[in-house]
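Spelled out, the chains give:
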Amino acid sequence: MTEPVIRTRDLRMRYGRTEVLRGVDLEVGAGEVAALLGPNGAGKTTTIEILEGFRRRSSGEARVLGADPGTGGAAWRARLGIVLQDWQDHPRWGVRQLLAHIAAFYDRPRDPDELLAVMGLTAQAGQAVARLSGGQRRRLDVALGIVGRPEVLFLDEPTAGFDPRARREFHDLVGRLAREDGMTILLTTHDLAEAERLADRIAILVRGEVTVSGTPSGLASIVQAPSEVRWLQDGAPRTERTPDPSRLAYELHRRFGGPVPGLEIRRPTLEQSYLNLVGAEPGAAGRDAAAVAERTAA
Amino acid sequence: MNTRPIALGVRRGWAEHVHSMRNRRELLAGLGGTVAVFVLMVRWQGGHDAQGTHVSEGLLLAAGFVAFCVFSTGLMNLAMMIAADREEGTLLRLRTVPGGVPAYVVGRAVSVLLQIVTYVVLMLVAGMALAGLELPSDPARWLTLLWVLALGTLAVVPFGAVLGTLLPGPRNAASILSLPVMGLMVVSGVLFPVTSLPEPVQWIAQAFPLYWEGLGLRSAFLPDAMLAGEIGGSWRPLETAGMLGAWAAAGLLVAPVLLLRATRRESGARLAARRERRAAQGAF
């Protein structure tokens, strides 16, 4: 059996007394697009930065392309593409100039002009990076991430701050990269729709743990938020939440001795399931694990 | 040995230098302003002879000004450049690239060297053309000028890089460094003879490379008639080479380690946290 391209086992990260990763298990196969989904503070960025070799883990196992990210050398790094959340580097460089410069670090880079065309940045080729719009800048970041023909691409919150059009264009681009180049992609996002649209596999990370993982279509059944059953009892509306709506419907059918008036079963959508899962976590929103790490390090 | 990062670093350094030369604000406020102040001061002092000699005060000032320019560019400008590179994510970007970190280090060294050369050449040429500055006439003095500039640059550039890794950001770098650098300028004899200062201050001055750069450049620019204003009545070339060499060696030992450590510590989360702090301080 082939080894997964990305694999973590019991991955843990501690900053002082704060444990931001509490045993993350993750596997991403070759050519898969996987999404690490979770609210702010769940540990997504910490996980991805450990896998990129930017952070040393406290304990557990991590392998990317068969190597430990903590000790991966230049040859290993050349097989990765990395697109971080918030880059504003090289503001005075020209778009093409920067892309050609970064390409020169690799043995078999993509042609910068072709890549600019693919990214829709040909018109901006001679422009200074600082003058690009947010969406253009992000596309340049992706171009810089893939110019070395990486086997694995890490995308950290790739569409944060995008307008809907830029977001759709970006989703199409990621889809093309996975389909046409067979690239393995791991992205982090807190946007469920984005994960559903892009990923073959989703792992939901809550408070430093992968609570559930699977295909987008399989997740709703795994998470199983209770379904809502509605009917009319003596003309008055009644509602009951149950994990087993079929059984309740059967019981109602028996109780009424036939068809149940106004019977309606609402199964949870993936979004409801997700919100149910992460919403139960007190204080999760707005508390960023990486920020905790930075404060601790400071 | 893989020489690609070095070649790419040299190319980076040249590109960075061209960018700064094309930046109108940087060109006017930095290079233009420095050269203009240099010419004005040399002209202003050019009419007066140093006490008891026939040597122009302008020449004395020129040697000190050039020394200070090398010192402040190598130390402050480089520190601010590196702090800005950290804040913008340039260091992190190059960390994601194979061989990117050595290329970055070489690139920054090349860009600051080019900046120093540009400043010094333009100051000397403008001084000659507009302020009647007389440059050394014999080859031995030119040789002194060149080795003092080269060693003086090497003595400060690695420490500029170290400061760039330690300081919290480019704005803080300017505010933190300005005062000590100005203090050193006052006590290092680049504006007036160091022998006019109290002896403890002279010892403090001699601990830093600025004094030795100034002394070395004065030995290239000034006749021996000016030796009366120097400590020990000598140009002390061996001590100058020794002190500047010691600073350079110490810097070259420490700087790569700290630069690599600073680069290794860079991450997306750190970058974001730094930017959040700046935003909270209202720096945007």
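If you're wondering where the values come from, they're calculated on a predicted model, not measured in any experiment.

Rules used in this analysis
Residues numbered from 1 in each chain as written. Chains lettered and ligands numbered in written order. Predicted model: local features only at pLDDT ≥ 70, side-chain atom pairs only at ≥ 80, totals over all residues. Heavy atoms only, no water. Helix = DSSP H or I, 4+ residues; strand = E, 2+ residues; numbered from the N terminus. Rg over C-alpha atoms; globule rule 2.2 N^0.38 Å. Buried < 20%, exposed > 50% of the residue type's maximum accessible area, 1.4 Å probe, protein only. Contact = heavy atoms within 4.5 Å. Areas by Shrake-Rupley, 256 points an atom, 1.4 Å probe, with all protein chains shown as cover. Lys, Arg positive; Asp, Glu negative; His and termini not counted. Charge placed at Lys NZ, Arg CZ, Asp CG, Glu CD. Expected span 1.5 Å × (residues − 1). Pairing = 2+ DSSP bridges. Axes fitted to C-alpha atoms, helices over the stretch in contact; angles between N-to-C directions. Salt bridge = Lys/Arg side-chain N within 4 Å of Asp/Glu carboxyl O.

### A closer look at the overall build of chain B
Secondary structure summary: chain B contains 11 helices and zero strands in total. In sequence order, the secondary structure elements of chain B are arranged as α-α-α-α-α-α-α-α-α-α-α. For chain B, the C-alpha radius of gyration of 20 Å lies close to 19 Å, the compact-globule estimate for 284 residues. Across its three principal directions, the C-alpha atoms of chain B cover 65 × 40 × 35 Å. Per-residue burial for chain B yields a buried fraction of 54% across its 284 residues. Residue pairs at least 24 apart in sequence account for 77% of intrachain contacts in chain B once pairs closer than 6 positions are excluded. Carbon and sulfur atoms make up 68% of the accessible area of chain B, which totals about 12,700 Å². For chain B, the distance from the average position of its 23 positive side-chain charges to the average position of its 16 negative side-chain charges is 16 Å.

### What to know about helix α1 (residues 4-22) of chain B
With 19 residues, α1(B) extends 27 Å between its outermost C-alpha atoms, agreeing within 8% with the 27 Å of an ideal straight helix rising 1.5 Å per residue. When α1(B) is considered as a whole, its buried residues turn out to be Pro5(B), Leu8(B), Gly9(B), Arg12(B), Gly13(B), Ala15(B), Glu16(B), His17(B), His19(B) and Ser20(B). In this structure, the buried residues of α1(B) make contact with α3 (95-103) of chain A together with α2 (24-46), α4 (90-95) and α5 (100-131) of chain B.

### What to know about the sheet that holds strand β10 (residues 227-233) of chain A
Strand pairing in a sheet relies on backbone hydrogen bonds. The paired strands run either parallel or antiparallel. Residues and elements named next belong to chain A. The sheet built from three strands is open, its strands ordered β11-β10-β12 with antiparallel pairing. Each edge of the sheet is formed by a strand with only one pairing partner; in this case those strands are β11 (236-242) and β12 (264-266). Put simply, the sheet's adjacent strands are angled 20 degrees from each other on average, direction ignored. With seven bridges connecting them, β10 and β11 associate as antiparallel partners. Across the sheet, residue Gln233 finds its bridge partner in β11, namely Ala236. Lying over the sheet, helix α9 (residues 245-256) contacts β10, β11 and β12, oriented at roughly 15 degrees with respect to β10.

### Side note on the pairing of β10(A)
Residue and element names in this part refer to chain A. Where β10 hands over to β11, the hairpin turn is made up of two residues, of which Asp234 adopts a positive phi near 50 degrees. In terms of strand pairing, β10 meets β12 through three bridges, oriented antiparallel. Across the sheet, Glu228 pairs through a bridge with Arg266, a residue of β12.

### Remarks on the pattern of salt bridges
Counting across every chain of the model gives 33 salt bridges over all chains. With its nearest N and O atoms 2.9 Å apart, the salt bridge here joins Glu228(A) to Arg230(A). The exposure class of Arg230(A) is partly exposed, given its relative accessible area of 27%. Here Arg141(B) ties to Asp224(B) by a salt bridge, and the two come within 3.7 Å at their closest N and O atoms. Here Arg141(B) is found in helix α6 (residues 139-166), whereas its partner Asp224(B) is found in the loop between α9 (209-221) and α10 (237-265), with 83 residues between them in sequence. Each of Asp89(A), Arg137(A), Arg138(A), Asp141(A) and Arg93(B) takes part in a single network of salt bridges with overlapping partners.

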